[in-house]
Amino acid sequence: MPNQGFRRASILPGFWPTFGFSILYLSLIVLVPLSAVFLKTATSSWSHFWGAIASPGVVASYRLSFGASLAAAAVNAVFGLVVAWVLVRYRFPGKRLADALVDLPFALPTAVAGIALTSLYTENGWIGRWLAPFGIRVAFTRLGVFVALVFIGLPFVVRSVQPVLEDVDPQLEEAAASLGAGRWLTFVRVVFPILRPALLTGFAMAFARALGEYGSVIFISGNMPMRTEITPLLIVTRLEQYDYTGATAIALVMLVASFALLLTINLLEWRSRRYAEAA
Amino acid sequence: MRTDPEVRPTTEPRVLRYGLIAVAVAFLSLFVVMPLIAVFAQALEKGWSVYWAAITEPDALAAIRLTLVATGIAVPLNLVFGLAAAWAIARFQFRGKNVLITLIDLPFAVSPVIAGLIYVLIFGAQGWFGPWLDRHDFKIIFAVPGIVLATVFVTFPFVARELIPLMQAQGTEEEEAALVLGAGGWQIFRRVTLPNIKWSLLYGVILCAARAMGEFGAVSVVSGHIRGETNTMPLHVEILYNEYNFAAAFAVASLLALVALVTLGAKRLLERKVRQDYAEAAATVGLEG
Amino acid sequence: MSIEARHIAKTFGSFTALRDVSLEVKEGELLALLGPSGSGKTTLLRIIAGLETPDAEPPGTVLFEGQDVTARHARERRVGFVFQHYALFRNMTVFENIAFGLRVRPRGQRPPEKAIRDRVRELIELIHLENMADRYSSQLSGGQRQRVALARALAIEPKVLLLDEPFGALDAKVRQGLRRWLRRLHDEVHVTSLLVTHDQDEALEVADRVVVMNEGRIEQVGAPEDVFHHPASEFVMDFMGSVNLFHGRIESGKAVFGQLVLDHPDPTSADGQPARLFVRPYDLVIHTERDGRPGLSARVERVQSAGPQVRVELVAETGEAVTVEMSHAQFRDSRVASGDSVYVSLRDAKIFMEDYSI
């Protein structure tokens, strides 16, 4: 009876039915439809393809989507670390509520977030009215896109760093203290290196999510061509004009970026797990 | 290991502690609390009667109905898939397992707009099956089936992702014991496996349902935005908002926000149970195998 | 019911767990499979249970009472299996756990609910957990859980009981108690039992016969006294109890270890062949002067008298470490102290030749 090859023999029943069904369902719902993007692009000529993905408006959208996502993820990395630190290490009234609310951007439907953020940052909005006198406009500008992306990326860094921070051995910090290190030095030299892999993973996940984000952003961005159009929006407008090839071409660019990020994240998580096991 | 900061010998000076707490609270207030409050405040701005009218108006009711239908189909489908995939992955050894797990996560990595696009490419007028569907007068894109498909796609991994790590941690011993005692496949599943995963399963279903109800980008692409027919609640919110009917838009949005809050509450309640399940799994399988 | 395993081999990827193992378990006996981890004992047990299948080459077979059950599924073998970590169903009470095997029987073979309840109560009394019937496994101690696992396996009236390191995860005291309890249970119930353990005290105390395994092979089969006092190989002697090891060689037909010259029973060994001498600590005697008996000079390093016996640690003339055990009375008579130069003689020993098989 073959021992290796595809699978190890087992006496529990039901492998082929569950495996077969899973593969079938996965293929029908995910793999085959996704392949449509690649197949469709293959049918168009290179120049056509290049025209679709490299036209000025599209390139402007790359700059906005990429730039704003990167900036938002960076902000989330910094403040998310602070939030995680405060939630794990300190006690204060309302901490449990704060901990629960961290997940809200993940749980709240994107359209709801979109209109809520827009209403806050318009010139008459609760926040917008405080910024207007300084000439700072958020709604319908790139700054608005940035703000929306900070919102939706918030949980990723916090939830990535929290478990690692909880597991940091207090004896490490006690050892550093007994050797004469102050808190800042201890943080920089002892604690932060432990957190870094998780922080990177959280950052990458926030970045990936921001790149593809649609609903939270299109209300506050104003969707002005060449200025505040994000890449996903361009796909939608192409579709509305029945330019399937154009839409698919841009989608391909996004997919390649997403998959590259997914791989990076998996690699980061794998590396951080190895780090944790070695420690 | 959490220890009381008051007692630990290594803590930041009080000023720094309070400062960091203030920064964290300010950040959360600005980015999380205020948008949440804004939803409910704007929804009730014009009073209860306007609120009530907005959510009972026929198009709104149709949107609610469609949201529930799409969710009601997507969740059971992904539930069955999640159970099947978790059983195959966590109870057997086979080559390519990690590839399968990564593939299951794919919908998470894909922008929702692309999730809609791919189904348009297949079932849309110019799509692979476009002419065939047209001939048989069966609409998927710009109709309910398309919405259901897009919803299934974006909520695809939720149940599986909750079940797989737990079942892997629990190991196969209880199922093997049941087998040697004479139990058949379904008996093992019903009496041994399901009770052991019930909290994670429930949590995965709640996450799946909440996301299904709130999905916007993917559904927007396949929907066609036909009032009263192919609008889900999030799409209805968009239409109302674009018509400057803010109170109504926020009224419908507040329903979705309530669903989100329920999800957060469920997470809080179930979190402890799920953590217990993982702890028990580690304890029994722990030592040398 | 007797069990026979013939020519069982099993490889997991690149790791060979069993190499052509054959074994017979007599009806009603309690047989221990003893060996270090990786020796293949658990794999053999699981193959007998049907939880693993033997390799096709060589064609291994498992027979119950002479009948070939190799192809029979684990579910249908009617074996009682006790897992190392109990594998109790954590969502069921003690009662429900024990009743499980009876309740999942197909309609035709299932006893009526009342009969099931009676049988379960009987078993709960047998394992002395009368007040715990409604508890869940998380509310039980390790020893209690193990007893429930045993009762659960017995509930289906198995023809054979297979136990996989049942007491491995428990404290020493609990282990000893359960060991004795298991032996008494076996004497009462008389089910053919196969016990896997790495603890030689356990095997020697509990079993009718012991099978010593190492690296996928059977080294020796026999009654506990035989295996302990007449080990068939170096490995068995080394594994069972503590032992002193001396290196030497064959010279002029005799086995030479430093000053110690012994007759070697095997005339076929050539001169120059390396030999090893195995002596139990209690088979060595310490003398203050040489008096013609074969032995070695040694210097006393340490005396440990806190314990049931006195242990004297010495270094022999050959540089090897030696441990001698004696009773407290003998120690008082010998008047040995740390730093003394003494002479150590043998009462009994075994010589094994270095194994040349490649």
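Below or above, wherever it landed, is the structure these notes cover. Every chain's residues receive numbers from 1 upward, in the order its sequence appears when written. Key to labels: chains lettered from A, ligands numbered from 1, both in the order written. A pLDDT threshold of at least 70 governs which residues receive local features in this predicted model, and a stricter bar of 80 or more applies before side-chain atom pairs are shown or counted, although totals over entire chains, interfaces and linings include all residues. The side-chain quantities take in all heavy atoms of the structure and omit both hydrogens and water.

### Remarks on the interface of chain B and chain C
Worth spelling out the cut-off: The contact definition used throughout considers only heavy atoms, calling two residues in contact when any of these lie within 4.5 Å. The term buried area means the drop in 1.4 Å probe accessible area that two parts suffer when joined, counted for both and summed. Any Lys or Arg side-chain nitrogen located within 4 Å of an Asp or Glu carboxyl oxygen qualifies as a salt bridge. Pairing of N or O atoms within 3.5 Å defines a polar contact, subject to two protein rules: one partner must be a possible hydrogen donor and the other a possible acceptor, and residues neighboring in sequence count only if both atoms are side-chain atoms. Secondary structure elements follow DSSP: runs of H or I of four or more residues count as helices, runs of E of two or more count as strands, with numbering from the N terminus.
If you look at the interface, chain B gives 26 residues, while chain C gives 25 residues. Buried area between chain B and chain C, summed over both chains or domains, comes out near 2,400 Å², and the portion from carbon and sulfur atoms is 57%. For the interface between chain B and chain C, the tally reads two salt bridges. A salt bridge links E174 of chain B to R90 of chain C; its shortest N-O distance comes to 2.8 Å. Taken together, the links from chain B to chain C amount to five residue pairs in polar contact (both at pLDDT 80 or more). Among the elements of the structure, α9 (173-180), α10 (185-214) and α13 (246-285) of chain B are those that each provide at least two residues to the side of chain B that touches chain C. Here the side of chain B that touches chain C gets seven residues from one element, more than from any other, and that element is α9 of chain B.

### Looking at the sheet that holds strand β1 (residues 3-12) of chain C
We count it as follows: By this definition, two strands are paired if DSSP reports at least two bridges between them.
Strand order in the open sheet formed by four strands is β2-β1-β4-β5 (chain C), with antiparallel pairing between adjacent strands. This sheet does not close on itself; its edge strands, each paired only once, are β2 (15-25) and β5 (67-68) of chain C.

### A look at the interface of chain B and chain A
On the chain A side, the residues contacting the 92 residues of chain B number 99 residues. For the pairing of chain B and chain A, the buried interface totals around 8,600 Å² over both sides, and the portion due to carbon and sulfur atoms is 77%. Looking only at chain B, the three residues that lose the most surface to chain A are F27, F31 and F92 of chain B, adding up to 7% of its buried area. The interface formed by chain B and chain A holds three salt bridges in total. Of the charged contacts, one joins R268 of chain B and D99 of chain A as a salt bridge, the two residues approaching to 3.7 Å between their closest N and O atoms.

### Brief notes about a positive patch on the surface
Note the following rule: Here, patches come from residues exposed beyond 30% relative accessible area and free of salt bridges, joined within 9 Å for like charges and within 5 Å for nonpolar side chains (Val, Leu, Ile, Met, Phe, Trp, Tyr). To measure how exposed things are, a 1.4 Å probe is used in the Shrake-Rupley method; for residues, cover is taken only from the protein chains shown. Charged residues are defined narrowly, with Lys and Arg counted positive, Asp and Glu counted negative, and His plus the chain ends left uncounted. We put the charge of a Lys on NZ, of an Arg on CZ, of an Asp on CG and of a Glu on CD.
There is a patch of like positive charges on the surface, built from R96 of chain A together with K198, R272 and K273 of chain B. By secondary structure assignment, the location of R96 of chain A is in helix α4 (residues 95-101).

### Things to note about the packing of helix α3 (residues 56-89) of chain A against helix α8 (residues 142-166) of chain A
Residue and element names in this part refer to chain A. So the rule is basically this: Here an angle of 0 to 180 degrees is reported between the N-to-C directions of two axes, which are lines fitted to C-alpha atoms, with helices fitted over the stretch in contact. Oblique is the label for every angle not falling under 35 degrees (roughly parallel), over 145 degrees (roughly antiparallel), or within 65 to 115 degrees (roughly perpendicular). Crossings are assigned a handedness: left-handed for a near helix turned anticlockwise from the far helix by less than a right angle, right-handed for a clockwise turn. Gly is put with the polar residues, along with every residue not named as nonpolar or charged; the nonpolar set is Ala, Val, Leu, Ile, Met, Phe, Trp, Tyr, Cys and Pro, and the charged set is Asp, Glu, Lys and Arg.
Orientation of α3 relative to α8, taken along the N-to-C sense of each, is 40 degrees, at an axis distance of 5 Å. Here α3 lies oblique to α8, going by the angle between them. Crossing angle aside, the handedness with which α3 passes α8 is right-handed. Looking at side-chain class alone, the contact of α3 with α8 contains 21 nonpolar, five polar and three charged residues.

### Points about helix α8 (residues 158-170) of chain B
Residue and element names in this part refer to chain B. Convention followed: What a helix should span is 1.5 Å times the count of its residues minus one. Relative accessibility thresholds used throughout: buried, under 20% of the residue-type maximum; exposed, over 50%; partly exposed, between the two (1.4 Å probe, protein chains only).
Taking 1.5 Å per residue as the helical rise, α8 with its 13 residues ought to reach 18 Å, and the 19 Å between its terminal C-alpha atoms agrees with that figure. Within α8 the residues assigned to the buried category are F158, V159, A160, E162, L163, I164, L166, M167 and Q170. Just downstream of α8, G171 is the residue with a positive phi angle, here 75 degrees.

### With respect to the sheet that holds strand β11 (residues 244-251) of chain C
Residues and elements named next belong to chain C. Sheet architecture is open: five strands sit in the order β13-β12-β11-β14-β20, paired in antiparallel fashion. Lying at the two open borders of the sheet, with one neighbouring strand each, are β13 (260-263) and β20 (350-353). Within the sheet, the average angular offset between the axes of one strand and its neighbour, ignoring direction, is 35 degrees. Of the strand pairs in this sheet, strand β12 (residues 254-257) and β13 are connected by four bridges, and their pairing is antiparallel. Within β13, the residue paired with A255 across the bridge is L262.

### As for the environment of R96 of chain A
Taking the relative accessible area as the measure of exposure, R96 of chain A reaches 62% and is therefore exposed. R96 of chain A sits 149 residues away from T245 of chain A along the chain, and the two C-alpha atoms are 49 Å apart.

### Observations concerning the nonpolar core
How we decide: Within this scheme, the nonpolar core is defined by two criteria: the residues are buried Ala, Val, Leu, Ile, Met, Phe, Trp, Tyr or Cys, and they are joined through side-chain atoms within 4.5 Å.
Core analysis: the largest hydrophobic core is formed by 172 residues, its most contacted members being I29, Y121 and I235 of chain A together with I104, Y119 and F153 of chain B. For this core, the element with the highest residue contribution is helix α3 (residues 58-91) of chain B, accounting for 13 residues. By size, the runner-up hydrophobic cluster in this structure holds 44 residues, among which are V180 of chain B together with M1, F100 and V160 of chain C.

### Description of a nonpolar patch on the surface
Among the surface-exposed residues, V32 and L39 of chain A together with W128, F129 and W132 of chain B lie close enough to one another that they form a single nonpolar patch of about 510 Å² accessible area. Along the chain, the position of F129 of chain B falls in the loop between α5 (112-123) and α6 (130-135). Judged by its relative accessible area of 40%, F129 of chain B is partly exposed.

### Description of the environment of I115 of chain A
Counting through the fold element by element, I115 of chain A comes out in helix α6 (residues 110-121). For I115 of chain A, a relative accessible area of 0% puts it in the buried group. Spatially, the C-alpha atoms of I115 of chain A and S216 of chain A are 7.6 Å apart, while their sequence positions differ by 101 residues. Excluding its chain neighbours within four sequence positions, the residues that come into contact with I115 of chain A are F219 of chain A together with V237, Y241, A249, F250 and A253 of chain B.

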